[in-house]
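Residue-level structural notes
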Amino acid sequence: MSPYTLIAAAIPALLGSFLLLNFVAAPRALLVQQAAVAVVALVAATFTLRHFKSNLTVKRMPWLLLGMAMLVCAPLIIASSVPHRWLGMFGFRLYIAPVVLPLFLLYWHRALSGDKTTINLSIIAALVAGVGLIAQPDAAQLTAFALASVPVIWISSNSLSMRLLPIGLLLGAAGFSWNIPDPLTPVPYVEGVFILASRFSVWALLSAVIACALPAIALALFAYRMRSLGVFSVSLYFATLYLLAPAQVTPVPLLGFGAGPILGYFLLVSQVRRLNSNAV
């Protein structure tokens, strides 16, 4: 199965985003930003798939994962607004967790095929990311990340107790995070896109539900065809966010306004073939 199928699977949701933003008469600046991010991410992913090869070794992956985990935690230090989920510059705010976590899961799967030091360092990186998510607080992202971590941890060569411990810590943190009050009010064209689509028509709602499901389905099919547990874990991450979306506790993946989910998805796609070789 071609990774270009993953790109095609995102197109309906991206186009639907513009329709919904126009429906609510969103500021033109938001439309321009959304279009620019989508085009740049799509072109960059396509170009990378065609022209670049990865020389990243398994032994170097834990250090990259630790850097990504620190990036997840960065809003806790830099962001001044609550919740601490965004990195901002020049008036632009980037929701960092959905940018980092899909690729983190793919890298993590490969790191867990390394030696004991590589495995343990990568698990520490995942726990650091989990601490950052619970502190932000971001229950939806932490829940999606924790559930997606189960298959990648389970296939590691660690002992049963050393597999159950990080799984238990991440799932326990995810469960606890739902008890932390979220100060964020849902935005109609971000967390509330399904309700927004339903106000337009039943067909619009059905189209939104299908368009949003396509990326997770495409990732699951790609994982099945390529026998990749790493890609499957990413599909589980997106599926969890998709199922949580009707509760308006998280941006709907790729549907509605938001640069983070778009960048995270296409960044993943740009790497999925090269990091998927001999993935199981």
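Structure report, in brief. (Residues numbered from 1 in each chain as written. Predicted model: local features only at pLDDT ≥ 70, side-chain atom pairs only at ≥ 80, totals over all residues. Heavy atoms only, no water.)

Quick notes on the overall build of the chain
Here is the rule we go by: Note on conventions: DSSP H or I runs of at least 4 residues are helices, E runs of at least 2 residues are strands, and numbering of each starts at the N terminus. Our radius of gyration looks at C-alpha atoms and nothing else; its globule reference is 2.2 Å times the residue count to the power 0.38.
A tally of helices and strands in the chain yields 11 helices and 2 strands. What you see in the chain, going N to C, is helices and strands ordered as α-α-α-β-β-α-α-α-α-α-α-α-α. Taken against the 2.2 N^0.38 rule, which gives 19 Å for 280 residues, the C-alpha radius of gyration of the chain at 18 Å falls within 12% of a compact globule. Dimensions of the chain, computed from the C-alpha atoms along their principal axes, are close to 55 × 40 × 35 Å.

Let's talk about the pattern of salt bridges
Put simply, the rule is: When a carboxyl oxygen of Asp or Glu lies within 4 Å of a side-chain nitrogen of Lys or Arg, that pair is called a salt bridge.
Throughout the structure, instances matching the rule amount to 1 salt bridge. Taking the shortest distance from any N to any O, the salt bridge between D182 and R85 comes out at 2.9 Å. Of this pair, D182 sits in the loop between helix 7 (160-177) and helix 8 (193-200) while R85 is found in the loop between helix 3 (61-78) and strand 1 (86-89), placing the two residues 97 residues apart along the sequence.

With respect to the side chain of N158
How we decide: Each polar contact in these results corresponds to two N or O atoms within 3.5 Å; when the atoms are within protein, one needs to be able to donate a hydrogen and the other to accept it, and residues that are neighboring in sequence are counted only if both atoms are side-chain atoms. Here, two residues are considered to be in contact whenever any of their heavy atoms come within 4.5 Å of each other.
Among the structural elements, N158 can be located in the loop between helix 6 (139-154) and helix 7. A distance of 3.4 Å separates a polar atom in the side chain of N158 from a polar atom in the side chain of N120. For N158, the residues in contact, after removing those within four places along its chain, are K116, I119, N120, I123 and R163.

Some details on unusual backbone geometry
Spelled out, the test is: With a 1.4 Å probe rolled over the protein chains alone, any residue whose accessible area is under 20% of its type maximum counts as buried; one over 50% counts as exposed, and the rest are partly exposed.
Here the amide bond leading from Q136 into P137 is cis, since omega sits at -15 degrees, within 30 degrees of zero. Relative to the elements of secondary structure, P137 occurs in the loop between helix 5 (116-135) and helix 6. Here the phi dihedral of R227 falls at roughly 55 degrees; this positive angle occurs in a residue that is not glycine. Summarising the element assignment, R227 is placed in the loop between helix 9 (202-226) and helix 10 (229-244). Note on R227: relative accessible area 65%, which makes it exposed.

Some words on helix 5
This is how it is decided: A helix is expected to reach a length of 1.5 Å times the quantity of its residues less one.
Its 20 residues give helix 5 an end-to-end C-alpha distance of 29 Å, which sits within 8% of 28 Å, the value for a rise of 1.5 Å per residue. Packed against the buried residues of helix 5 are helix 3, helix 4 (97-111), helix 6 and helix 7.

Some points on helix 2 (residues 28-51)
Since the α-helix advances by 3.6 residues per turn, residues separated by three or four positions end up pointing in the same direction. Its 24 residues place the ends of helix 2 34 Å apart at the C-alpha level, agreeing with the 34 Å of an ideal helix rising 1.5 Å per residue. For helix 2, the elements touching its buried residues are helix 1 (4-23) and helix 11 (259-272).

Description of the packing of helix 6 against helix 10
Heads up, the condition is: Between N-to-C directions, angles span 0 to 180 degrees; the directions come from axes that are lines fitted to C-alpha atoms, helices contributing only their stretch in contact. Geometric relationships in this document are graded by angle, where less than 35 degrees denotes roughly parallel, more than 145 denotes roughly antiparallel, 65 to 115 denotes roughly perpendicular, and other angles denote oblique. Left-handed describes a crossing whose near helix is turned anticlockwise from the far helix by less than a right angle; the clockwise case is right-handed. Residue classes follow a fixed rule: Ala, Val, Leu, Ile, Met, Phe, Trp, Tyr, Cys and Pro count as nonpolar, while Asp, Glu, Lys and Arg count as charged, and any other residue, Gly among them, counts as polar.
Here helix 6 crosses helix 10 at 150 degrees, and the two axes come no closer than 8 Å. Considering their axes alone, helix 6 and helix 10 lie roughly antiparallel with respect to each other. As for the relative orientation of helix 6 and helix 10, their crossing is right-handed in sense. Seen from helix 6, the contacting residues are A140, Q141, T143, A144, F145, L147, A148, P151 and V152; seen from helix 10, they are L229, F232, S233, L236, Y237, T240, L241 and L244. The class makeup of the residues in the contact of helix 6 with helix 10 is 13 nonpolar, 4 polar and no charged.

By themselves, these figures tell us nothing about what the structure is for.
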